[in-house]
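Here is what each chain is made of, one letter per residue.
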Amino acid sequence: MIIDPKTASPTDVYKVLIGSIVPRPIAFVSTVSVEGVRNVAPFSFFTVASADPPVVCFTPTGQKDTLVNIRATKQFVVNIVSEDFAEKMNTASGSYAPDVDEFVVSGLTAIESSVVVPPRVAESRVQMECELFQILEIGSGALVLGEIVLLHVDDQIIDHFRIDPDQLRAIGRMGGNTYARTTDRFDLARPKV
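Not measured: the values here are computed from a predicted model.

**Student:** Looking at this model, I keep getting lost on the overall build of the protein chain. Mind explaining?
**Tutor:** Across its full length, the protein chain holds five helices and 14 strands. Taking 16 Å as the expected radius of gyration for a compact globule of 193 residues, we find that the protein chain reaches 17 Å, a close match to that expectation. Dimensions of the protein chain, computed from C-alpha atoms along their principal axes, come out at roughly 50 × 45 × 35 Å. Looking at the protein chain residue by residue over its 193 residues, the buried ones come to 37%. Considering only contacts within the protein chain whose residues lie at least 6 apart along the sequence, 59% involve residues at least 24 apart. Split by element, the accessible area of the protein chain, about 11600 Å² in all, is 55% carbon and sulfur. If you average the places of the 17 positive and of the 24 negative side-chain charges in the protein chain, the two averages end up 6 Å apart.

Listed below in structure tokens is the structure:
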């Protein structure tokens, strides 16, 4: 099958992308509105953009509360999702009104950040406090780039700056309602050239 994005529907192109670019890590982004309402929502269009300076990026589509809050406050926290709180993360993914606190709805624990105003998700073993670096408008969405100003890593999962994936137990998104565990792994050494 050949798919031309210029003639195929955006919905069909989206389905092909999310079904083939897998597994996708999840940025569980916490923000605060200018009115002080906490928000936390998952985004699976997420990756590292730079290590020096440390910058992460994710892509919300449409005018999500997360994007509105980041535009207004220039701050957010990326929380890495582990399998043990996947259900609560999924609950927070609903399309709630802007005045709804997803921490309360999902039963997640909000804890104070050290540098930025938005809270961190206590259940997350890795939390990245971010200042807005740049927003690039792309079609109906936006690519949000955030410079990490402080990292919080659970002492139980890190040794000499190496994260233990068996302790992190991160999950990723596949297509549709399907998620993936990061427990089935294999090693390949880079060729010495």
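That shown, we press on.
**Student:** Hey, could you run me through the side chain of aspartate 101 in this one?
**Tutor:** Inspection of the secondary structure assignment puts aspartate 101 in the loop between helix H3 (86–92) and helix H4 (102–106). Polar side-chain contacts of aspartate 101 include one of 2.6 Å to the side chain of arginine 38. Contact partners of aspartate 101, with chain neighbours within four places excluded, come to Val37 and Arg38.

**Student:** Even after reading the chapter, I still don't get the pairing of strand S5 (residues 54–58), so can you show me in this structure?
**Tutor:** When a strand is regular, its side chains alternate between the sheet's two faces. Burial analysis of S5 places four of its five residues in the buried class, the great majority of the element. Sheet analysis places strand S4 (residues 46–51) next to S5, joined by five bridges and oriented antiparallel. Counterpart to phenylalanine 46 in the pairing with S5 is phenylalanine 58. In textbook terms, the turn of a hairpin is the stretch between consecutive antiparallel strands, and for S4 and S5 this stretch comprises two residues. Pairing between S5 and strand S10 (residues 141–153): four bridges, direction antiparallel. By the bridge assignment for S10, valine 55 is matched with glutamate 147.

**Student:** What am I meant to see in the sheet that holds S4 here?
**Tutor:** Pairing in this open sheet of seven strands is antiparallel, and the strands run S3-S2-S6-S9-S10-S5-S4 from one edge to the other. With partners counted over all chains shown, the strands left at the sheet margins are strand S3 (38–43) and S4, one partner each. Neighbour-to-neighbour, the strand axes of the sheet open up by a mean angle of 35 degrees, direction not taken into account. Sheet analysis places strand S2 (residues 27–32) next to strand S6 (residues 75–80), joined by four bridges and oriented antiparallel. Bridge pairing in S6 places serine 30 opposite valine 77.

**Student:** Honestly, helix H2 (residues 65–73) in this entry has me stumped. Any pointers?
**Tutor:** Since the α-helix advances by 3.6 residues per turn, residues separated by three or four positions end up pointing in the same direction. Of the residues making up H2, those classed as buried are Asp65, Thr66, Leu67, Asn69 and Ile70. Looking at the residues trailing H2, positive phi occurs at lysine 74, about 65 degrees.

**Student:** How do you make sense of a nonpolar patch on the surface when you look at a structure like this?
**Tutor:** Side chains of Met1, Ile3 and Val16 sit close together on the surface and give an oily, nonpolar patch of about 350 Å² of accessible area. Checked against the element boundaries, methionine 1 lands in the segment before helix H1 (10–20). Relative accessible area serves as the criterion here: at 94%, methionine 1 is assigned to the exposed category.

**Student:** Before we go on, may I ask you to explain the layout of surface pockets in this structure?
**Tutor:** To locate leftover empty space, one rolls a probe as large as a water molecule over the atoms. By volume, the largest pocket amounts to about 680 Å³. Lining of the largest pocket is provided by 29 residues; of these, Pro42, Phe43, Lys64, Ser93 and Arg173 occupy positions nearest its centre. For the lining of the largest pocket, the elements supplying multiple residues, two or more each, are H1, S3, H2 and H3. Of the residues forming the lining of the largest pocket, the biggest block, four residues, is contributed by S3. Looking at the lining of the largest pocket residue by residue, the class counts come to 13 nonpolar, 11 polar and five charged. In this structure, the second largest pocket occupies an estimated 520 Å³ of space. For the lining of the second largest pocket, the secondary-structure elements that each account for two or more residues are strand S1 (24–25), S4, S5, strand S9 (126–138), S10 and strand S13 (171–173). Ranked by residues supplied to the lining of the second largest pocket, first place goes to S4 with five residues.

Definitions and limits used
For every chain, the first residue of the written sequence is number 1, and numbering continues from 1 onward in sequence order. Per-residue local features are limited, in this predicted model, to residues with pLDDT of at least 70; the limit for side-chain atom pairs, both in listing and counting, is 80 or more; totals at the level of whole chains, interfaces and linings are taken over all residues. With hydrogens and water stripped out, all remaining heavy atoms of the structure feed into the side-chain values. Secondary structure counts use DSSP, requiring at least four H or I residues in a row for a helix and at least two E residues in a row for a strand, with both numbered from the N terminus. In this description the radius of gyration comes from C-alpha coordinates, and the expected globular size is given by 2.2 Å times residues to the power 0.38. Only protein chains enter the accessibility calculation, which uses a 1.4 Å probe; a residue is then buried when its area is under 20% of its type maximum, exposed when over 50%, and partly exposed in between. Residue contacts are defined here by distance: any two heavy atoms, one from each residue, within 4.5 Å place the two residues in contact. Residue-level accessible areas treat just the shown protein chains as cover; the underlying method is Shrake-Rupley with a 1.4 Å probe. Positive residues here are Lys and Arg, negative ones are Asp and Glu, while His and the chain termini are left out of the count. Every charge is mapped to an atom, namely NZ of Lys, CZ of Arg, CG of Asp or CD of Glu. By the criterion applied in these results, polar contacts are pairs of N or O atoms within 3.5 Å in which, for protein atoms, one can donate a hydrogen and the other can accept it, and in which residues neighboring in sequence qualify only through two side-chain atoms. Here the rule is simple: two strands pair whenever DSSP picks up at least two bridges between them. Axes here refer to lines fitted to C-alpha atoms; in helices the fit is confined to the stretch in contact. Angles between the N-to-C directions go from 0 to 180 degrees. A patch is a set of surface residues, each over 30% in relative accessible area and not in a salt bridge, joined within 9 Å for like charges and within 5 Å for the nonpolar side chains Val, Leu, Ile, Met, Phe, Trp and Tyr. Basic side-chain nitrogens of Lys or Arg form a salt bridge, by our definition, when they fall within 4 Å of a carboxyl oxygen of Asp or Glu. The definitions used throughout rest on a 1 Å grid laid over the protein atoms alone, on which a cavity is an enclosed set of points accommodating a 1.4 Å probe that cannot get out and a pocket is an open set flanked by protein within 12 Å on both sides along at least five of seven lines; lining residues are those having an atom within 4 Å of a point. Grid points are joined across faces, edges and corners, and a volume is the space filled by probe spheres set on the points. Here the term charged refers only to Asp, Glu, Lys and Arg, the term nonpolar to Ala, Val, Leu, Ile, Met, Phe, Trp, Tyr, Cys and Pro, and the term polar to all other amino acids, Gly among them.

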